[in-house]
Amino acid sequence: MWIVIGLAVLLVAAIVAWTLTRPRALCKLTFREGEDVGLDFLIYGPVSSIGSEEGQTVVISHPGVSRHHADLVLEDDRFILRDRSKLGTLVNGRPITEVALRSGDLIRLADSVDLIFTRLG
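It should be emphasised that the depicted structure is a prediction, and the values quoted were computed from it without experimental measurement.

A closer look at the environment of Glu 53
Right, so step 1: Residue position: Glu 53 is located in the loop between β3 (47-51) and β4 (58-59).
Right, so step 2: Each C-alpha atom of the pair Glu 53 and Ser 66 lies 7.8 Å from the other, and the pair is 13 residues apart in sequence.
Right, so step 3: In contact with Glu 53, not counting residues within four places along its chain, are Val 59 and Arg 67.

Have a look at this one:
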């Protein structure tokens, strides 16, 4: 009996420790349309890359998306999106080279892929 109680206490302690120390997503990018509508990319680190090439933080397999299309960087408590592509990036319908994002902003990659930016926490 005491062994079962001891194991239960250890299990609860392990779950609490995992909950308190697990990485938390800082923001997310959500597909707005197409077959992947509603699919979220959770961003955990302060520097993320977006592109079609394997190894990017967010991999988007689409012919219009460059291998390394854009960077998403957390700077001074703001998320900065930097275009790295030849085909361009729009935020809320305007071409950008660099912009601070706000929750709800619409990101369009190469005039073909729409993502919604959401800050978490």
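Structure's up, so let's keep going.
Looking at the sheet that holds strand β11 (residues 113-119)
Right, so step 1: If you trace the six strands from one edge of the open sheet to the other, you get β2-β1-β11-β10-β7-β8, paired in antiparallel fashion. Each edge of the open sheet carries a strand with a single partner, namely β2 (40-43) and β8 (94-95).
Right, so step 2: Taken together, the two bridges between strand β7 (residues 89-91) and β8 define a ladder with antiparallel strand orientation. Bridge pairing links Val 91 to Arg 94 in β8.

Conventions adopted
Residues numbered from 1 in each chain as written. Predicted model: local features only at pLDDT ≥ 70, side-chain atom pairs only at ≥ 80, totals over all residues. Heavy atoms only, no water. Helix = DSSP H or I, 4+ residues; strand = E, 2+ residues; numbered from the N terminus. Contact = heavy atoms within 4.5 Å. Pairing = 2+ DSSP bridges.

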